[in-house]
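Summary of structural features
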Amino acid sequence: MTYTEILEQARTCMGPYCKACPTCNGMACKNSMPGPGAKGSGTGAIRNYQKWQEICVNMDTICENKPVDTTAKLFGREFAIPVFAGPVGALQMHYGDKYNDLQYNDILVSGCAAAGIAAFTGDGVNPAVIEATAEALEKSGGCGVPTVKPWNIEVIREKMELVKKADPFAIAMDIDAAGLPFLKNLTPPAGSKTVAELKEIAKIAEKPFILKGIMTAAGAKKALEAGASGIVVSNHGGRVLDHCPATAEVLPEIVDAVGGRMTILVDGGIRSGMDVFKALALGADGVIICRPFVTMVYGGGAEGIATYVAKVKAELEDAMAMCGAHSLADINRSMVRF
């Protein structure tokens, strides 16, 4: 199936909120929650996407004519491209009844591993979600990153012990999920964590620990102090706080603050290989793409994942070749402009 055919197929089984748009830019689903839209005015997701489009690339083909290498080495693993599928939960509520969280994660983890990348997996109030995630990760040889919500410490410990049995190469926490309604007013309290609490959680992980939801240089420094091996520059797709800046806007200052001392990933509105190139040029080590993978799974299952990864890889290769970068290490800020 082609990318277009997969989108067409997805439109037959997604909804009513997600429209499986030709370009996932947050416009059609603006402030639709439940659904993939953003919080409040709904402009958070739109801004994320738009800011990547405002960045231009500097073409330079006066260079050696040879193939480019998109291979990335992150967290001790080698990947075909520096791209991860993002964590998503409550599939039936937000995207349609075709898959529940357990079925989706099973397809996503194995499909991404087969395509040469890896998936971050979601978490939820249903314990079966994290249990199924552990099973999917174990079947794929630990090729994935379970993402645990910022519950109270006892629940975090239980969930991490479960996923560690699958031997994933890293474990993440989406600390920005503190703004999700189902985490509020829980007893014991769930949500925001101090540096001291995060230090304890990083020790419990016993794996490279990734904190997702960093939007300031100060936040990045606190993540580093807490012992995180990596961060994800992310505003949770605009779903937890309205009027946030786009991730592309804050990425450079965060890279300047902690770059070289921890792995830096970024998400939010990244849709193409060209967007991946721009993120790498601004200093990211890799990117996370979420909503398009949902569409690909709904429209084509594992084949949809393979088709999308191949599309992004081809676009990244083209951008690199036309800007004189033959490896990911060659990509730098001189290759883009605002």
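Structure's up top.
Residues numbered from 1 in each chain as written. Predicted model: local features only at pLDDT ≥ 70, side-chain atom pairs only at ≥ 80, totals over all residues. Heavy atoms only, no water.

Scanning the chain from N- to C-terminus turns up 11 helices and 12 strands. The C-alpha atoms of the chain give 19 Å as radius of gyration, which agrees with the globular expectation for 338 residues (20 Å, within 12%). Along the first, second and third principal axes, the C-alpha atoms of the chain reach 60 × 45 × 40 Å. Put simply, the chain has 338 residues, and 58% of those count as buried. Considering only residue pairs separated by 6 or more positions, the chain has 71% of its internal contacts joining residues 24 or more positions apart. As displayed, the chain offers around 13,600 Å² of accessible surface, 53% of which is attributable to carbon and sulfur atoms. (Helix = DSSP H or I, 4+ residues; strand = E, 2+ residues; numbered from the N terminus. Rg over C-alpha atoms; globule rule 2.2 N^0.38 Å. Buried < 20%, exposed > 50% of the residue type's maximum accessible area, 1.4 Å probe, protein only. Contact = heavy atoms within 4.5 Å. Areas by Shrake-Rupley, 256 points an atom, 1.4 Å probe, with all protein chains shown as cover.)

Strands sit in the order β4-β5-β6-β7-β8-β9-β10-β11 around a closed barrel of eight strands; the barrel is parallel. Each neighbouring strand pair of the sheet contributes to a mean axis angle of 30°, computed without reference to strand direction. Bridge count for strand β6 (residues 144-148) against strand β7 (residues 171-174) is two bridges, and the pairing is parallel. Paired with Val148 across the strands is Met173, a residue of β7. (Pairing = 2+ DSSP bridges. Axes fitted to C-alpha atoms, helices over the stretch in contact; angles between N-to-C directions.)

For the rest of this paragraph, the subject is the pattern of salt bridges. Tallied over the full model, the rule gives 15 salt bridges. A salt bridge links Lys212 to Asp176; the shortest N-O distance between them is 3.8 Å. Placement of Lys212 in strand β8 (residues 209-214) and of Asp176 in the loop between β7 and α7 (195-205) is noted, with a sequence separation of 36 residues between them. Look at Asp176 and you get buried, because its relative accessible area is 11%. The partner of Asp267 in a salt bridge is Lys212, with the nearest N and O atoms 3.8 Å apart. Pair noted here: Asp267 is in the loop between β10 (263-266) and α10 (273-281) and Lys212 is in strand β8, with a separation of 55 residues, a long-range link. (Salt bridge = Lys/Arg side-chain N within 4 Å of Asp/Glu carboxyl O.)

This part is about the environment of Gln9. Tracing the backbone shows Gln9 in helix α1 (residues 3-10). Residue classification places Gln9 among the partly exposed residues on the basis of a relative accessible area of 35%. When the C-alpha positions of Gln9 and Glu315 are compared, they lie 23 Å apart, and in sequence the two are 306 residues distant. If near-sequence neighbours (up to four positions away) are discounted, Gln9 is found in contact with Met1 and Gly299.

On to the side chain of Asp275. Tracing the chain through its elements places Asp275 in helix α10. There is no salt bridge for the buried Asp275, and the closest opposite charge comes from Lys278, which lies 4.4 Å off by N-O distance. Polar side-chain contacts of Asp275 include one of 3.4 Å to the side chain of Gln53. Setting aside residues up to four positions removed in sequence, Asp275 forms contacts with Trp52, Gln53, Gly269 and Ile270. (Lys, Arg positive; Asp, Glu negative; His and termini not counted. Polar contact = N/O pair within 3.5 Å; in protein donor to acceptor, adjacent residues only side chain to side chain.)

Our focus in this paragraph is α10. Burial of α10 is extensive: eight of the nine residues sit out of reach of the surface. Directly after α10, the chain includes Gly283, whose backbone phi takes a positive value near 115°.

The next subject is the nonpolar core. With 108 residues, the main nonpolar core has Ile231 and Phe293 as its most contacted residues. Looking at this core element by element, the count peaks at 12 residues for helix α11 (residues 291-322). In this view, Phe293 contacts Phe84, Ala85, Tyr104, Leu108, Cys112, Ile117, Ile305, Tyr308 and Val309; residues no more than four positions away in its chain are not counted. (Core = buried A, V, L, I, M, F, W, Y, C linked by side-chain atoms within 4.5 Å.)

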